[in-house]
Every structure is written in C-alpha cells, then in structure tokens.
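What the coordinates show
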Amino acid sequence: MNKLFIFTALILSFQMSRAHEGHDKLPSAQISKMVPPGQVKMTPHLFVEVKEEKGTVKVLVFDHDKKDIPTKEVVIAAFIKFPRGSKSEKVNFYPVDNMFEAKIDAKNTHRYILNMTVSYGGKSEKMTFNIEPQ
C-alpha cells in the first residue's frame, strides 16, 4: 500500500511540475511595447498599455499583431479618482508621436485610479488602471 501511495505521489508531482512550465513569466511583460513595461490590458480588438513617469501618464494603443494604432484613429475619454477624493476629475490626453500623454498632479497620493474609455473602429472599451506615481 505504501509503494502505491509513493508511486502515485511521484506521478502527480511530475505532472504538476510540467503543467506549470512557463508560468513564471508575466504575460503583460511579453505583450508590452514600452521600456520599461507598463500595465497592459487586452480587449477583443486591441491592447492598451499605460505607464506613469514623473507625473506624466503615457498610453499606447496597439493591435493584436503589436502594430501601433495611429493616434488619429483613437479617442480616449479618461477620469481619475483619488482615494480620499469624493468625485472623479477629467483628464485630457494629447497625442505625442505614437502614444497619448497627460500631465497629472498626484496631489501627494501613493496611488489613484485611472478610468478610461478607449474608442477605436466604432467600438468603445472601458478599462481601469491603478496608477502608482513614481
């Protein structure tokens, strides 16, 4: 009986170790186009990557083939919500090269929530990002 138990445990542990192969890598880092990588959210039609650097939030929109979508084809409506604030504040993103940027005063908070609606090709996608200012 002990031999059967040990044999079964060995077989299961071998299968479990193989089932998790490659799970130590972050999928968003593999999808990311920014260096260093930002937060990536996937929709059925596109990827949206957001990164904060010294008070500037950058947004890059690209398709599933990792090709940038021109900024003139994308519309972003965004609001930020601070942890202690009672209401959301509108944020205006402006095109800069192949991405969008907005200057955001974090008001000495450690994090805030960025709610966005990204419209492209007649379809709108809502998403939320937790931003931790650097």
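The text that follows walks through the structure, step by step, so that each part is easy to find.

**Examining the packing of aromatic side chains**
Using the criterion set out here, one finds two aromatic pairs in the structure. Over the ring of Phe 129 we find Lys 41; its NZ or CZ atom is 5.0 Å from the centre of that ring.

**Section: the pairing of strand 2 (residues 47-53)**
Taking burial as the measure, the seven residues of strand 2 include six buried ones, the bulk of the element. Two elements, strand 1 (residues 39-42) and strand 2, share four bridges in a ladder whose sense is antiparallel. Residue Met 42 lies in a different strand from strand 2, and its bridge partner there is Phe 47. Hairpin remark: strand 1 followed by strand 2, antiparallel, with four residues in the connecting loop. Inspection of the sheet shows strand 2 paired to strand 3 (residues 56-62) by seven bridges, in the antiparallel sense. Along strand 3, the bridge assignment pairs Val 50 with Val 59. Between strand 2 and strand 3, which pair antiparallel and follow one another directly, the connecting turn spans two residues, one of which, Lys 54, has a positive phi of 50 degrees.

**A word on the sheet that holds strand 4 (residues 74-81)**
Pairing is antiparallel across the open sheet formed by four strands, whose spatial order is 5-4-8-9. The sheet is open, and its two borders are formed by strand 5 (89-91) and strand 9 (123-131), each paired with just one other strand. Adjacent strand axes in the sheet meet at a mean angle of 25 degrees, parallel and antiparallel pairs treated alike.

**Observations concerning the environment of Glu 73**
Within the secondary structure, Glu 73 sits in the loop between strand 3 and strand 4. The spacing of Glu 73 and Gly 121 is 48 residues in sequence and 7.4 Å in space, taken between C-alpha atoms.

**Comments concerning the pairing of strand 9**
The pairing of strand 8 (residues 112-120) with strand 9 spans nine bridges and is classified as antiparallel. Each residue of the ladder has a partner; that of Met 116, found in strand 9, is Met 127. Count of turn residues in the strand 8/strand 9 antiparallel hairpin: two residues, of which Gly 121 carries a positive phi of about 65 degrees.

**Quick word on the sheet that holds strand 6 (residues 94-96)**
If you trace the five strands from one edge of the open sheet to the other, you get 1-2-3-7-6, paired in antiparallel fashion. In this open sheet, the two edge strands, each paired with only one partner strand, are strand 1 and strand 6. Mean inter-strand twist for the sheet, computed between neighbouring axes without regard to direction, equals 30 degrees.

**As for the pattern of salt bridges**
Using the criterion set out here, one finds three salt bridges in the structure. Across the salt bridge formed by Glu 53 and Lys 58, the nearest N and O atoms sit 3.0 Å from each other. When salt bridges that share partners are traced, they join Lys 51, Glu 53 and Lys 58 into one network.

**Some words on the nonpolar core**
Val 48, Val 50, Val 59, Ile 76, Phe 93, Leu 114 and Met 116 are the most contacted members of the largest nonpolar core, which has 25 residues in total. Mapped by element, the contributors of at least two residues to this core are strand 2, strand 3, strand 4, strand 7 (99-103), strand 8 and strand 9. Residues in contact with Val 48, not counting those within four places in the same chain, are Gln 39, Val 40, Lys 41, Val 59, Leu 60, Val 61, Met 116, Val 118, Met 127 and Phe 129. Membership of the second largest hydrophobic core comes to five residues, among which are Val 40, Phe 47, Phe 62 and Met 99.

The rules behind these values
- Residues numbered from 1 in each chain as written.
- Predicted model: local features only at pLDDT ≥ 70, side-chain atom pairs only at ≥ 80, totals over all residues.
- Heavy atoms only, no water.
- Phe/Tyr/Trp six-rings, centres within 6.5 Å; stacked < 30°, edge-to-face > 60°.
- Lys NZ or Arg CZ within 6 Å of the ring centre and 35° of its normal.
- Buried < 20%, exposed > 50% of the residue type's maximum accessible area, 1.4 Å probe, protein only.
- Helix = DSSP H or I, 4+ residues; strand = E, 2+ residues; numbered from the N terminus.
- Pairing = 2+ DSSP bridges.
- Axes fitted to C-alpha atoms, helices over the stretch in contact; angles between N-to-C directions.
- Salt bridge = Lys/Arg side-chain N within 4 Å of Asp/Glu carboxyl O.
- Core = buried A, V, L, I, M, F, W, Y, C linked by side-chain atoms within 4.5 Å.
- Contact = heavy atoms within 4.5 Å.

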